[in-house]
Structure formats: structure tokens, C-alpha cells
Amino acid sequence: AQSVTQPDIHITVSEGASLELRCNYSYGATPYLFWYVQSPGQGLQLLLKYFSGDTLVQGIKGFEAEFKRSQSSFNLRKPSVHWSDAAEYFCAVGAPGNAGNMLTFGGGTRLMVKP
Amino acid sequence: DVKVTQSSRYLVKRTGEKVFLECVQDMDHENMFWYRQDPGLGLRLIYFSYDVKMKEKGDIPEGYSVSREKKERFSLILESASTNQTSMYLCASRWIRANTGELFFGEGSRLTVL
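Every chain is numbered independently, its residues counted from 1 as its sequence is written. Chain A is the first chain written and ligand 1 is the first ligand written, with later ones labelled in order. Note on the predicted model: pLDDT of at least 70 is required for a residue's local features to be given, and 80 or more for side-chain atom pairs to be given and counted; whole-chain, interface and lining totals, by contrast, use all residues. For the side-chain quantities, the full set of heavy atoms in the structure was used; hydrogens and water were omitted.

Draft legend 1. Quick look at the interface of chain A and chain B. Listed as interface residues are 23 residues of chain A and, on the opposing side, 22 residues of chain B. Note on definitions: buried area is the accessible-area loss of two parts on being combined, 1.4 Å probe, summed for both. In total, about 1700 Å² of surface goes out of reach between chain A and chain B, with carbon and sulfur atoms giving 55% of it. Between Lys or Arg on one side and Asp or Glu on the other, a salt bridge is scored when a side-chain nitrogen of the former is within 4 Å of a carboxyl oxygen of the latter. Our count for the contact surface shared by chain A and chain B stands at one salt bridge. Put simply, Lys49(A) and Glu102(B) hold a salt bridge, and the shortest N to O gap is 2.7 Å. Two N or O atoms count as a polar contact when they lie within 3.5 Å, although within protein this holds only if one can serve as hydrogen donor and the other as acceptor, and sequence-adjacent residues are included solely when both atoms are side-chain atoms. Our count for the contact surface shared by chain A and chain B stands at four residue pairs in polar contact (both at pLDDT 80 or more). Among the elements of the structure, β5 (32–38), β6 (44–50) and β10 (87–94) of chain A are those that each provide at least two residues to the side of chain A that touches chain B. Numbering goes from the N terminus for both helices and strands, where a helix is a DSSP run of H or I of at least four residues and a strand is a run of E of at least two. Ranked by the residues each element gives to the side of chain A that touches chain B, the list is headed by β5(A), at four residues. The contact definition used throughout considers only heavy atoms, calling two residues in contact when any of these lie within 4.5 Å.

Draft legend 2. Main features of the state of the cysteines. Criterion for a disulfide: a pair of cysteine sulfur atoms at a distance within 2.5 Å. Tallying each qualifying case throughout the model produces two disulfides over all chains. Between the sulfur of Cys23(A) and that of Cys91(A) lies a disulfide, 2.0 Å long from S to S. With the S-S bond torsion at -65°, the cross-link from Cys23(A) to Cys91(A) turns out left-handed. Of this pair, Cys23(A) sits in the loop between β3 (19–21) and β4 (24–26) while Cys91(A) sits in strand β10; the two residues are 68 residues apart in sequence, bridging distant segments of the chain. We note that Cys23(A), like Cys91(A), is buried. Note on cysteine connectivity: Cys23(B) is disulfide-linked to Cys91(B), with sulfurs 1.9 Å apart. When the S-S torsion is -80°, as for the bridge of Cys23(B) with Cys91(B), the disulfide is left-handed. A 1.4 Å probe rolled over the protein chains alone gives each residue an accessible area, and that area as a share of the maximum for its type sets the label: buried under 20%, exposed over 50%, partly exposed in between.

Draft legend 3. Inspection of the packing of aromatic side chains at higher detail. The pairing test for Phe, Tyr and Trp rings, Trp by its six-membered ring, is centres within 6.5 Å, and the orientation test on the planes gives stacked under 30 degrees, edge-to-face over 60, and tilted for anything in between. Considering all chains together, one arrives at 16 aromatic pairs over all chains under this definition. An aromatic cluster is defined as three or more aromatic residues linked by ring pairs; in this entry it consists of Tyr32(A), Phe34(A), Tyr36(A), Phe51(A), Phe105(A), Phe33(B), Tyr35(B), Phe48(B), Tyr50(B) and Phe105(B).

Draft legend 4. Geometry of the environment of Leu43(B). Relative to the elements of secondary structure, Leu43(B) occurs in strand β5 (residues 42–49). For Leu43(B), a relative accessible area of 10% puts it in the buried group. As for Leu43(B) and Leu90(B), which are separated by 47 residues in sequence, their C-alpha atoms are 8.6 Å apart. Ignoring any residue separated from it by four or fewer positions in sequence, one finds Leu43(B) in contact with Leu44(A), Phe90(A), Phe105(A), Tyr35(B), Arg36(B), Gln37(B), Leu90(B) and Phe105(B).

Draft legend 5. The arrangement of the side chain of Thr109(A) in detail. All names here are of chain A. By the element assignment, threonine 109 lies in strand β12 (residues 109–114). Judged by relative accessible area, which is 1%, threonine 109 ranks as buried. In terms of polar contacts, threonine 109 uses its side chain to reach the side chain of glutamine 6, at 3.4 Å. A polar contact of 2.6 Å, which involves the side chain of threonine 109, links it to the backbone oxygen of aspartate 8. With residues near it in sequence (within four places) discarded, threonine 109 still touches Gln6, Asp8, Ile9, Ile11, Leu21, Ala87, Glu88 and Tyr89.

Read these as geometric descriptors, not functional statements.
Here you go:
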């Protein structure tokens, strides 16, 4: 069974600082990987996704994530955080090629941005 | 753009009341889902539907039921609301033929049961 761990429940960074949110997954092969963002009181919006190919993927709002097979990780990064990035971030994993597969979500990381 | 609309953003109900949460998607997606989101627990799947009139239990179906009479609409029903069902409810849909698993979410319905 697939699983996802986001080790950091809360992270606080200063505006303009760099950001890295960690995501580790458990799956027998290379999964499909997603990062979603949830602004306060809102639903989840897809930031980026990885299916295959280049292991560094670019997303919206200046985010990127790198798939590292050897570490079973898919960490999210942003070089310079803006106050509007304060939100909750969810990593998710799915089984490739399985149309019926459910996504498994991590517990989320809440990002706070200091002025 | 895909749009998933949840009809009620905020609801306050009393214990024992019947509650309907409605979700509509406009992209002809086959699959639809209801999740519950609680602090520290992430997203937990309540029910999902592969297609019209089809439904499957997720991880936490107890106390809930669903209805999917039309492809675009998926309803979550709380037959007799209880205080432990106070939560944020998220509806999602996906296009099965894309074969990626990617979900599209609504903005959520925050339910408070008094």
C-alpha cells in the first residue's frame, strides 16, 4: 500500500527567505506525485505534478519540486517566499497507470510567513 | 478550467438534523469524491463514485451516505448529524481517461454541528 509522510506539521519562514517542504512516500515503484496548496478557507489547488521524465518539475506560483527515487522523496521548494504563500501544503501519491487508484495524501504542512 | 462547486460554504446544524452537501462539476468527469479534512489528520476519503449511480465506501463511511443520480452531481448526506461530524468537507472530481489520478477540488464546505 502506498503512503505519504510530511514530517513537518508547521513551518515558519521570513518573507523573502527560501523554502523547502519535505515529502516522503512509500511505494514499490515510481509513483505519480502531486503537491496541492490550500489557502485559508479554500479547497485544494494543484501546484505541480510528476509523472515521469525530468525529475525537477516546475509548478505555479514559482514553486518547484524534485523527485529523488533513491530517497523516496518529492520535496517542494521556492527560492523566495511571499506573504501570500502562507497556506497548508499537501503532498499526494498515486499508482501510475491505474485509472481506479485513489490518491493518498500526507497530513499536510502549515506554512506561516513572517514579515 | 475545471470547476467543482460546493453549494454551501458554511453550515451550522443541530445534532440529529439531516444534512445535505451538494457538489457539482462541469467537466464531465466520471469520478467524484467526498473527503473530510480535520487538523492533524489530513484528508480522509468518505465515499467515492466511479460513475452515475455507482458508489464505493472510502476509509471513513460510517455516519454518511451519498447519492449520484446525475454525472455532474455528487451529494453527501448525513442522516443524523452528530457533533463529531463537525469538519471541513471537500468534494473532488477527476477524468478517468487521463489516467493520472489528478483530482480537482471544490472550495470546501465547513460544517458545524451544535
